[in-house]
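Structure assessment
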There are 2 protein chains.
Amino acid sequence: MKKIGFIGVGVMGKSMVRNLMKAGYELSVYTRTKEKVADIIEEGALWCDTIADCVKDREAVITMVGYPEDVWEVYFGGAGIIANARPGTYVIDMTTTSPKLSVEIYERAREAGIYAVDAPVSGGDVGARHGTLSIMAGGDEEAFEACLELFKSMGKTIIYEGKAGNGQHTKAANQIALGGVIAGVCEAITYARAAGLDVQTMLDSISQGAAGSWQMDNMAPRLLKGDYDPGFFIKHYIKDMKIALEESDARKLTLPILMEVLDMYKKLDEEGMGDMGTQALIKYYEEQ
Amino acid sequence: MKKIGFIGVGVMGKSMVRNLMKAGYELSVYTRTKEKVADIIEEGALWCDTIADCVKDREAVITMVGYPEDVWEVYFGGAGIIANARPGTYVIDMTTTSPKLSVEIYERAREAGIYAVDAPVSGGDVGARHGTLSIMAGGDEEAFEACLELFKSMGKTIIYEGKAGNGQHTKAANQIALGGVIAGVCEAITYARAAGLDVQTMLDSISQGAAGSWQMDNMAPRLLKGDYDPGFFIKHYIKDMKIALEESDARKLTLPILMEVLDMYKKLDEEGMGDMGTQALIKYYEEQ
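In this report, the structure presented in the accompanying data block is examined. (Residues numbered from 1 in each chain as written. Chains lettered and ligands numbered in written order. Predicted model: local features only at pLDDT ≥ 70, side-chain atom pairs only at ≥ 80, totals over all residues. Heavy atoms only, no water.)

**Here we look at the overall build of chain A**
Filter applied, for reference: By definition, any uninterrupted DSSP run of H or I lasting at least four residues is a helix, any uninterrupted run of E lasting at least two residues is a strand, and each is numbered from the N terminus. The globule rule used for comparison is 2.2 Å times the number of residues to the exponent 0.38, while the radius of gyration itself is calculated over C-alpha atoms. Each residue is assigned to one of three classes by its accessible area relative to the maximum for its type, calculated with a 1.4 Å probe on protein chains only: buried under 20%, partly exposed between the two thresholds, exposed over 50%. Only heavy atoms enter the contact rule, under which two residues are in contact if any of them lie within 4.5 Å. Residue exposure ignores everything except the shown protein chains as possible cover, and the areas themselves are Shrake-Rupley values with a 1.4 Å probe. Residues scored as positive are Lys and Arg, those scored as negative are Asp and Glu, and His as well as the terminal groups of each chain are ignored. In this description, the location of a charge corresponds to atom NZ of lysine, CZ of arginine, CG of aspartate or CD of glutamate.
Within chain A, the secondary structure is distributed over 15 helices and nine strands. For 288 residues, the compact-globule formula gives about 19 Å, and the C-alpha radius of gyration of chain A, at 20 Å, lands near that figure. Buried residues in chain A amount to 60% of all 288 residues. Long-range contacts, defined here as pairs at least 24 residues apart, represent 65% of the contacts in chain A between residues at least 6 apart. Of the roughly 11200 Å² that chain A leaves accessible, carbon and sulfur atoms contribute 49%. Where the 30 positive side-chain charges of chain A centre and where its 42 negative ones centre are 3 Å apart.

**A look at the interface of chain A and chain B**
This is how it is decided: Note on definitions: buried area is the accessible-area loss of two parts on being combined, 1.4 Å probe, summed for both. Each reported salt bridge corresponds to a side-chain nitrogen of Lys or Arg within 4 Å of a carboxyl oxygen of Asp or Glu. Whenever a nitrogen or oxygen atom comes within 3.5 Å of another N or O atom, the pair is scored as a polar contact, on the condition that within protein one atom can donate a hydrogen and the other can accept it, and that pairs from neighbouring residues in sequence are kept only if both atoms are in side chains. Each residue is assigned to one of three groups, with Ala, Val, Leu, Ile, Met, Phe, Trp, Tyr, Cys and Pro labelled nonpolar, Asp, Glu, Lys and Arg labelled charged, and all others, Gly among them, labelled polar.
With 58 residues of chain A at the contact, the number on the chain B side is 58 residues. Note on chain A versus chain B: buried area summed over both sides is about 4600 Å², and carbon and sulfur give 66% of it. The largest per-residue losses of area from chain A upon contact with chain B belong to A:E187, A:Y191 and A:I257, which jointly make up 15% of the total buried on that side. Summed over the shared surface of chain A and chain B, the number is zero salt bridges. Counting the contacts that link chain A with chain B gives 16 residue pairs in polar contact (both at pLDDT 80 or more). Looking at which element gives the most residues to the side of chain A that touches chain B, the answer is helix α9 (residues 166-194) of chain A, with 18 residues. Looking at the side of chain A that touches chain B, its residues break down into 32 nonpolar, 19 polar and seven charged.

**Section: the pairing of strand β4 (residues 60-63) of chain B**
Residues and elements named next belong to chain B. Stated formally: By definition, two strands form a pair when at least two bridges between them are found by DSSP.
Alternating residues of β4 divide into A60 and I62 and V61 and T63, and every residue in both groups is buried. Taken together, the four bridges between strand β1 (residues 3-7) and β4 define a ladder with parallel strand orientation. Residue pairing across strands places G5 opposite V61, the latter belonging to β4. In this structure, β4 lies alongside strand β5 (residues 90-93), joined through four bridges in parallel fashion. The residue bridging T63 from the neighbouring strand is D93, located in β5.

**Description of the pairing of strand β2 (residues 26-30) of chain B**
Residues and elements named next belong to chain B. Defined as follows: The definition of a right-handed crossover adopted here requires that, viewed with the strands pointing away, the path from the first strand over the helix to the second runs clockwise.
Bridge analysis of β1 against β2 gives five bridges, and the strand direction is parallel. Within β2, the position partnered with I7 by the bridge is Y30. Between β1 and its parallel partner β2, the chain crosses via helix α1 (residues 11-22), and the hand of that crossover is right-handed.

**Here we look at the pattern of salt bridges**
Residue and element names in this part refer to chain A. Under the defined criterion, the tally for this structure stands at 32 salt bridges over all chains. In this structure, D53 engages K56 in a salt bridge whose closest nitrogen and oxygen atoms are separated by 3.6 Å. A salt bridge links R251 to E247, with the nearest nitrogen and oxygen atoms 2.8 Å apart. Since its relative accessible area comes to 28%, R251 is described here as partly exposed. Judged by relative accessible area, E247 falls into the buried class, the value being 5%. Connected through shared salt-bridge partners, K14, R18, D39 and E43 make up one network.

**Remarks on the packing of aromatic side chains**
Put simply, the rule is: Between the rings of Phe, Tyr and Trp (Trp by its six-membered ring), a pair exists once the centres lie within 6.5 Å; its type follows the angle of the planes, with under 30 degrees stacked, over 60 edge-to-face, and the other angles tilted. Two limits define a charge over a ring: the Lys NZ or Arg CZ must be within 6 Å of the ring centre, and within 35 degrees of the ring normal.
Scanning the entire structure with this criterion turns up 18 aromatic pairs over all chains. For the ring pair A:F232 and A:Y237, a centre distance of 5.5 Å and an interplane angle of 55° mean the geometry is tilted. Overall, the relative accessible area of 0% leaves A:Y237 in the buried class. Taken together, the ring pairs in this structure connect A:W72, A:Y75 and A:F76 into an aromatic cluster. Lying across the ring of A:Y67, A:K239 places its NZ or CZ 6.0 Å from the centre. Above the face of the B:F233 ring, B:K235 is positioned so that its terminal group lies 4.9 Å from the ring centre.

Take it as geometry only, folks, not as evidence of what the structure does.
Put into structure tokens, the structure is as follows:
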């Protein structure tokens, strides 16, 4: 594989494109606003005016867009990927989206002789920049193997999770576990402040023990500095939790922590904080 | 300091006594059931029939009992510590108990010329055995310094948290953060099972990323083997969460995750699972 199309070049997508080019791939890119990718065009990516152009004569096409509606549109819309990719192309959706949609892409791709892999990531902007993303892939194992070199130029922990949709299911499990951790850290900080503790001393005392977590080590320090810049946007996390909840409901699962954390973030979003990072959950507690 | 009294010798207390003796301290011990400490008496600890005996002529007295009622009784009961310790003794409550009670002990001890330190721990049975406990201490700083050598023979991360009660407040913050983590991990596993994922593969995919935690690394493997033996008893965690909730209520804080997790564990306790380890929270979800 040499020629790659990349559709949807946001903050993370841009870093991923750069890492692919660094690894020697030829990139053509399509995104909604051309100006936003002027830098990577400068660096050698080929601009395409349409999805059809971006897909034409490419061995693999990666999508990294926003919401499930966007994924649907770029795959199935009038001038979308499925209608324009030639048979034998690998199409890899790295957006965090609905497992059901990944299965639909897989099935409609197969009818067109195209190989689809769902491969959402975790690791955020930093992981994308450093090429250390975790990549959770679902689809046919042969297709996964064929894309492995490609994945290696963007990620570190690259795991085949099974059939189509399983990459998304794994990411959903990640987002579910995440909610409890973030909320737990925010409640501990809220309690410590109210009790008059020095919060940093409290965190130093507990972070290496049984309550410790990546979020406590990495998110809490930003929060304590009043830094709410997005490593991971609240609005995107809400999207991910809605997907997890929808899939849980479909299986008659009740996940009270997921529901509670989703409600808290929705409240912050309604108050206009959707573009802040997830660590801004502390504001939910500060508003009490 | 050389002569130490130790009151309340359960699973953790026993390991702590052993580590103190290994460090060269002379230990006298008192606990409710003498037979349970036959081994450490064999190893050189001096048995006392009453608290008064266990406190007499000791430079420091450590308590590690069960519930706040037990703490109250050993300190203030008819034949308790405060009435029997000589002035100048250091009394160190390492039980996880109510910060309010720690303040009461501190004040009544001071009136008697006794120095009180609240020093709850985390790290569980394993930390106690290996002498690697985290110790969170509140009280006068001079008293903390005087007890530091003692603490070093039982723990690794030993932090002064400020005035009396602050050790307990720090532990409460730890227990609050813990609840969200455990519940998040259990919900992720519940989701993964229902979605048909291989749970171990899912955990391997996410445990080094933003959703990672000590609980995911250490508790989830036990849970997946169906091992519900207590590293940390559900019944004790319920006690700790009730204390945290009481203190939160007193400060007009609403901590929804803490409340939700407490309710889940109460349900398990009502079903007779109080003597299981906290990883048995998964059963709450399995019963759905």
